[in-house]
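Notes for the structure review
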Amino acid sequence: MCGARAAANLGLFRTVFRQPPQLHSPATNLLSKQRCQVRTRSLRSYSQRLDADDSVSHAEWKSRLFSWKTILMCSVPLIAFGLGTWQVQRLKWKLALLDEVNDRMHRRPIALPLRATSDEIEQNEYRRVIVHGGFDHSKEMLVGPRSLEGEPGYIVVTPLVREDGSRILINRGWVRRDLADPRARPQSQPAGPVTIVAFVRRATAKNSFTPKPSPEKNQWFSIDLDVMSKHGDTQPVLLEVIQPDSVATTIQNAGNGIPIGVPFQVDIRNNHLQYLITWYTLAVITSGMLFYALRKPESAMAKIQRLRSKAGRFS
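From a predicted model like this one, the values you see are computed outputs, not experimental measurements.

For helix α5 (residues 225-232), the complete set of buried residues consists of Leu225, Met228, Ser229 and Gly232. What you see down the axis of α5 is that its buried residues fit within an arc of 100°, all on one side. On its buried face, α5 is in contact with β3 (141-148), β4 (151-161), β5 (167-176) and β7 (238-241). Note on α5: the residue one or two positions beyond its end, aspartate 233, has a positive phi of about 55°.

On average, residues of the protein carry a pLDDT of 79, and 73% of them reach 70 or more. In the model, residues 1-19 has pLDDT below 50 throughout and makes 0 contacts with residues more than four positions away in sequence or in other chains.

Another aspect to go through is unusual backbone geometry. For the bond from glycine 144 to proline 145, the omega torsion is 10°, close enough to zero to count as cis. Mapping proline 145 onto the fold places it in strand β3. One non-glycine residue, glutamate 149, lies in positive phi territory at about 55°. Residue placement: glutamate 149 occurs in the loop between β3 and β4. A relative accessible area of 81% means that glutamate 149 is categorised as exposed.

For soluble globular proteins, nonpolar side chains are generally found buried alongside one another. If you look at the biggest cluster of nonpolar residues, it comprises 16 residues, and the most contacted ones within it are Leu112, Leu160, Ile168, Ile170, Ile196 and Leu239. If you list the elements that add at least two residues to this core, you get β2 (128-135), β5, β6 (194-201) and β7. Among the elements that take part in this core, β6 stands out by supplying 4 residues, more than any other. Leave out the neighbours within four places in its chain, and leucine 239 touches Leu112, Val129, Val131, Ile168, Leu169, Ile170, Asn171, Ala198, Phe199 and Val200.

Rules used throughout
Residues numbered from 1 in each chain as written. Predicted model: local features only at pLDDT ≥ 70, side-chain atom pairs only at ≥ 80, totals over all residues. Heavy atoms only, no water. Buried < 20%, exposed > 50% of the residue type's maximum accessible area, 1.4 Å probe, protein only. Helix = DSSP H or I, 4+ residues; strand = E, 2+ residues; numbered from the N terminus. Arc of directions from axis to C-beta. Contact = heavy atoms within 4.5 Å. pLDDT = per-residue confidence, 0-100. Core = buried A, V, L, I, M, F, W, Y, C linked by side-chain atoms within 4.5 Å.

The structure is reproduced here in structure tokens:
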């Protein structure tokens, strides 16, 4: 009985408090329809403006994509990649050259022919040779100034008269500036025959920035083999004296004014690895910049959707 009464009360409550149905007048319906039409026209006009903006952006992108500036920009990474590949080939060549030079240096010394040809000199560069003869100190030449470990000095080049009377040039090594005068270093002026173990060297390339020598004043700023051989009346052959194995002997010779010869090591520079890393890095960087500059512009609707999705993630 209680359940029936409760149900009757609930029905009465719904009947009393039921909301009356909403009645729409013709004026209200007309106003709603006009608002809907205005909203539709606004959306259509906004969509048309977005499409127009996308068309302009796409036209500008196409004109930029096929311009001369783009061609020049594309050439930068291609050239950098080509130079990097060229440095790879140069590195392989230089490593092979260093191996060949190192092999020549460690072969046993041989006697230098009395009349060495230019082909023999080229084939035996950095090879140790043994020569006998006497120095012609009257034709001694000082090349420089040259510094050694920060101390100024000169390179001593002296003609050597061999057993048969032929003459060659000997790069005896470096002396301090205060020992440039031969009278200040009498122990470096042997009068009798000597035996020398030296490297065979070719004529070095001339530097356009180096002043020309003055043979009449005995002024030499670089080892110019052609001019020096004419001045010393020698064959165009240059040998470089090697330092003694003992450091103590080298120091003692330097104190006595005896020139310091070249070290027993390869003095050929090899920077091709740094060069190829530089060029390849430049190719990668410029390729990324080119891709960023020539990427297709994002449409307006895609940008709006992306911003909405980003806002949704942070909401």
